[in-house]
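Secondary and tertiary structure notes
Each chain, letter by letter, is given below.
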Amino acid sequence: MIIWDLVVVGAGPAGLSAAREAAAAGVRTLVLDRAVHPRYKTCGGGLIGTSLSMVAGRIEVPAHDRVDRVTFTRDGRWGFTRRHGTPLVTMVRRDEFDDRLRAAAVSAGAEVREGVAVRALDQDPDGVRVRLADGTTLTARTVIGADGSAGVTARHVGVRFRQVDLGLERELPVSPAEAARWRGRLLLDWGPFPGAYGWVFPKGDVLTVGVIGARGEGDRTRTYLRDLLDRLGLAGVTAVHDSGHLTRCRADDAPLRHGRVLVAGDAAGLLEPWTREGISYALRSGTLAGAAVAAGDLDRYPREVHERLVPSMRAGHRLLEVFASRPEVCHAFLATPVGWAMFVRFCQGRSSFDRTLDRGSVRAALALLDRLASRRGRPQAPATGRRPA
């Protein structure tokens, strides 16, 4: 029986980053995925600077656009556009991007098996048995789960989620004239109900148009997408892909490890709570997990996640509360030089939300909003970032 040093479940950005990191350090690594690359994935496909820095030197990013202009609207109104001298977000199609990551993992020495579904995990102090859908069992010293928030590994580890959102997205082929109108520019629209927003991401001859809102607001989220497409004059375009996806953000005390099984990326509920950006969290957490396995120190992984990723997630919860209660204030703030500069630094990976909230001016502004909310009879947003009950 072959005993693998590491079996990675899931061949997305988190799993493939983990596999590449471990395999490059000499860890005998196997990656399993139920899909076959290249495959479509519901995702906006916008890479911020943090993501680009993680893949630099590993892959050539298959960019379909590099955005330097952003149009902001508030439910289709009060629009304004800002431009920066250098690109802010790089647009990719996930089938191509993930396939490049797969090739990089293989080049580092990992073996990838596709079309393989994992059904269950069973572990003891010596290893983990990975049971597949065809009835066979593989044995590994360690498993990294990167099969999504609804996957086998998240259940095995016992990950709990505090925030669940529904994202709806359409990939629309557009005419050369429409593609030229959007080239180099993305749209962010703050939605008609608390916490919701929509987007248009240009990718050459395709536009990715999507919206996201809290689970339980399914009808309003679907209506929002229809209205957004109608406002943009895209309602009659037949979609290449029309899909939906639940994003789940972990509870602050949710486990990241159970015995010899670690979880990363979506499987760990690691994403930015306000924007729901997950690619950078997948790349970073996967790399941290693979490095911990290579170092033979599994305790190191949850410790580093809490040091490097969780502070920004907590800040994101705080910002989501402010956005949900006062979207008009957030919209107006982004129109100011200070707000635009903060947005640029975030997109370029030069600042994180936790560092932004540490700024004295930002703390004072949030305190003022809390006082205003209290006077209007609204629950005060607690400093922990938890939503009011």
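Here the structure is a predicted model, which means the values were calculated and not measured.

1. Notes on the overall build of the protein
Scanning the protein for helices and strands turns up 13 helices and 18 strands. Taking 389 residues into account, the globule formula puts the C-alpha radius of gyration at 21 Å, and the protein, at 21 Å, falls close to it. C-alpha extents for the protein along the principal axes are approximately 65 × 50 × 40 Å. Within the protein, buried positions represent 55% of all 389 residues. Relative to all contacts within the protein whose residues are 6 or more apart in sequence, the contacts with residues 24 or more apart total 74%. Summing over all exposed atoms, the protein offers an accessible surface of approximately 16,400 Å²; the carbon and sulfur share of this is 50%. If you average the places of the 57 positive and of the 43 negative side-chain charges in the protein, the two averages end up 5 Å apart.

2. Digging into the sheet that holds strand S13 (residues 185-190)
One open sheet holds the seven strands; their spatial order is S6-S5-S13-S14-S15-S12-S16, and the pairing between them is mixed. In this open sheet, the two edge strands, each paired with only one partner strand, are strand S6 (77-83) and strand S16 (241-250). Sheet twist, expressed as the mean angle between neighbouring strand axes with direction ignored, is 20°. In this structure, strand S12 (residues 161-173) lies alongside S16, joined through ten bridges in antiparallel fashion. Bridged to Gln163 within S16 is Cys249. Against the sheet, helix H11 (residues 337-347) contacts strand S5 (69-74), S6 and S13, and its axis sits at roughly 120° relative to S5.

3. A closer look at the environment of Ala289
Counting through the fold element by element, Ala289 comes out in helix H7 (residues 279-295). Since its relative accessible area comes to 0%, Ala289 is described here as buried. As a C-alpha pair, Ala289 and Ser53 span 236 residues in sequence and 18 Å in three-dimensional space. Setting aside its immediate chain neighbours within four residues, Ala289 contacts Ile144, Leu262 and Tyr301.

4. Some words on the sheet that holds strand S7 (residues 89-91)
Reading across from one edge, S3-S7-S4 is the order of the three strands in this open sheet, with antiparallel pairing throughout. Of all strands in the sheet, those with a lone pairing partner are strand S3 (46-47) and strand S4 (65-67), marking the two edges. The sheet contact formed by S4 and S7 spans three bridges and is antiparallel. From the neighbouring strand, Arg66 faces S7, where its bridge partner is Thr90.

5. Some points on helix H3 (residues 94-107)
The terminal C-alpha atoms of H3, which comprises 14 residues, lie 20 Å apart, in line with the 20 Å expected from a rise of 1.5 Å per residue. Structurally, H3 contributes buried residues whose contacts are with helix H1 (13-24), S3, helix H2 (49-55) and H7. Directly beyond the C-terminal end of H3, a positive phi value near 120° is found at Gly109.

What counts and how
Residues numbered from 1 in each chain as written. Predicted model: local features only at pLDDT ≥ 70, side-chain atom pairs only at ≥ 80, totals over all residues. Heavy atoms only, no water. Helix = DSSP H or I, 4+ residues; strand = E, 2+ residues; numbered from the N terminus. Rg over C-alpha atoms; globule rule 2.2 N^0.38 Å. Buried < 20%, exposed > 50% of the residue type's maximum accessible area, 1.4 Å probe, protein only. Contact = heavy atoms within 4.5 Å. Areas by Shrake-Rupley, 256 points an atom, 1.4 Å probe, with all protein chains shown as cover. Lys, Arg positive; Asp, Glu negative; His and termini not counted. Charge placed at Lys NZ, Arg CZ, Asp CG, Glu CD. Pairing = 2+ DSSP bridges. Axes fitted to C-alpha atoms, helices over the stretch in contact; angles between N-to-C directions. Expected span 1.5 Å × (residues − 1).

Any functional reading would require information that these geometric values do not contain.
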